[in-house]
Amino acid sequence: MEVTAIVWIVTIAVILGLFIFDFFAHVRVPHAPTLKESGTWSAVYIAIAVLFGVFVWWKWGGTSGGEYFAGYVTEKALSVDNLFVFVIIFAKFAVPKEYQQKILLLGIVMALVLRGAFIAVGAAAISTYSWVFYLFGAFLLYTAIKLIRESDDPVEHEEERESRLERFVKRVLRTSDNYDGDRLFTRINGRRMATPMLMVLIVIAFTDVLFALDSIPAIYGLTSEPYIVFTANAFALMGLRQLFFLLGGLLDRLVYLSYGLSFILGFIGVKLVLHALHENTLGFINGGEHVAVPEISTPLSLGVIIGTLVITTVASLVKSRKGQPSSTE
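Numbering of residues begins from 1 in every chain and follows the order in which that chain's sequence is written. Predicted model: local features are reported for residues with pLDDT of at least 70 only, side-chain atom pairs are reported and counted for 80 or more only, and whole-chain, interface and lining totals are derived from all residues. Side-chain descriptors were evaluated using all non-hydrogen atoms of the structure, hydrogens and water having been removed beforehand.

Peer 1: Just checking my understanding: could you explain the nonpolar core for this structure?
Peer 2: Buried together is how nonpolar side chains tend to be arranged in soluble globular proteins. Side-chain atoms within 4.5 Å link the members of a nonpolar core, which is a set of buried Ala, Val, Leu, Ile, Met, Phe, Trp, Tyr and Cys residues. Buried, partly exposed and exposed residues are distinguished by accessible area as a fraction of the type maximum, computed with a 1.4 Å probe on protein chains only: under 20%, between the cut-offs, and over 50%, respectively. If you look at the biggest cluster of nonpolar residues, it comprises 85 residues, and the most contacted ones within it are Y68 and F90. Here a helix means four or more residues in a row that DSSP labels H or I, a strand means two or more in a row labelled E, and each is numbered from the N terminus. If you tally residues by element for this core, the top one is helix α3 (residues 62-92), at 13 residues. Note on contacts: a residue pair qualifies if any of its non-hydrogen atoms lie within 4.5 Å across the two residues. Apart from the residues lying within four places of it in its own chain, the contact partners of F90 are V95, Q100, I103, L104, V200, I204 and F244.

Okay, structure coming up:
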């Protein structure tokens, strides 16, 4: 797959343009979005992502197109887990609903910039050292196990992380306990102080760094093309703000989401290890020769990812419905 500098520049310009449009069209004036607004624009951004995937398929062939769709679906699924964390953060800091859009959009832009750096580092490492796939695979397997262990009480584990970060930020910055509209800084008695809005933005940005540590290796398990890795991440993050308000109370009904994501990360981790064995150059493994192991194809990966998400979602909704009292009680 050959991607020219012009294609990179145009792609980044289009993605940046969409974020700028989103800010001026929906976020600049603080308001709580309606269900109709959130649903409409969620569908628009998903359609844009799908159309881009069709373009990749047409331009570079079915293999690249399949890798993009597998990466996009995986990153979109992992981003839903991000939404659950956002709910916890907004509740902890009591962020007014009309200001949540601005924080989400700024946080998403910061996330994309940070992920871009991770993607560049990952691409450089992979092109130089094939054994990096061993590290990525082992880390994803570790993350999958950790996700299952924390599924007993994800709220408690997340609040512990946010509390530690909040204490650290308060030691570094002078902070106010009160919001001043959607401003990040305010003046109190002539002193410039950070508002809780800035605190929330920092927490969200830091949280996404943690998410990127597993999402970037996960997508590199599906494709080694930096262009596909970047665009799949960008289009998965795009529309995340609208999806947050669209899903709303549905998030707490996805009781098996952590198990589904854990299985997906574990599956991709195994795929990475198999690929690393197939491309092995480490002297202490098979004498530095390639190991004849089966590799998992992109169509199979896409099927497993989508199948897992469908089963997880259906099982979660059935479980939640059974747990609700009937109208006759």
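Here the narrative resumes.
Peer 1: Would you explain the packing of aromatic side chains in this entry?
Peer 2: To describe a pair of aromatic rings, one takes the distance between the centres and the angle between the planes. In this scheme Phe, Tyr and Trp rings, the latter by its six-membered ring, pair at centre separations within 6.5 Å, and the angle between planes marks the pair as stacked below 30 degrees, edge-to-face above 60, and tilted otherwise. Under the counting rule described, the total for this entry stands at 16 aromatic pairs. These aromatic residues form a ring-pair network of at least three members: W8, F52, F55, W58, W60, Y68, F69, Y72, Y227, F230 and F235. The ring of F185 carries R192 above its face, with NZ or CZ at 4.2 Å from the centroid. Two limits define a charge over a ring: the Lys NZ or Arg CZ must be within 6 Å of the ring centre, and within 35 degrees of the ring normal.

Peer 1: Quick question: what am I supposed to make of the packing of helix α5 (residues 132-149) against helix α10 (residues 257-278) here?
Peer 2: Helix-helix packing: each pair is described by the crossing angle between the helix axes and the interaxial distance. Between α5 and α10, the least distance of the axes is 8 Å, while the angle of their chain directions is 160°. In terms of orientation, α5 lies roughly antiparallel with respect to α10. In the crossing of α5 with α10, the sense of the turn from one axis to the other is left-handed. Per-class residue counts for the contact of α5 with α10 are 18 nonpolar, 7 polar and no charged. Helix axes use the C-alpha atoms of the stretch in contact, all axes being lines fitted to C-alpha atoms, and the angles between their N-to-C directions lie in the range 0 to 180 degrees. The scheme is simple: roughly parallel for angles under 35 degrees, roughly antiparallel for over 145, roughly perpendicular for 65 to 115, oblique for anything else. If you view the pair so one helix is near and one far, a crossing is left-handed when the near helix is turned anticlockwise from the far one by less than a right angle, and right-handed when it is turned clockwise. Lys, Arg, Asp and Glu make up the charged group, whereas Ala, Val, Leu, Ile, Met, Phe, Trp, Tyr, Cys and Pro make up the nonpolar group; the residues left over, Gly among them, are polar.

Peer 1: For this particular structure, what's the right way to read helix α8 (residues 226-237)?
Peer 2: Because each turn of an α-helix spans 3.6 residues, side chains separated by three or four positions in sequence point in the same direction. By definition here, a helix of n residues has an expected span of 1.5 Å times n minus one. Helix length check: α8 (12 residues) gives 16 Å between terminal C-alpha atoms against 16 Å at 1.5 Å per residue, within 8%. The buried count for α8 comes to 11 of 12 residues, which makes it a mostly enclosed element. Those residues of α8 lying buried are Y227, I228, V229, F230, T231, A232, N233, A234, F235, A236 and L237. Tucked into the core, α8 has its buried residues touching α1 (5-27), α2 (35-60), α3, α4 (97-128), α7 (196-220) and α9 (240-247).

Peer 1: Is there a simple way to explain the packing of α1 against α8 in this structure?
Peer 2: Relative to each other, α1 and α8 sit at 10°, their axes nearing to 11 Å. In terms of axis orientation, α1 runs roughly parallel to α8. Of α8, the residues touching α1 (which contributes V7, W8, T11, I12 and I15) are P226, Y227, F230, T231, A234 and F235. Classifying every residue of the contact of α1 with α8 gives 9 nonpolar, 2 polar and no charged.

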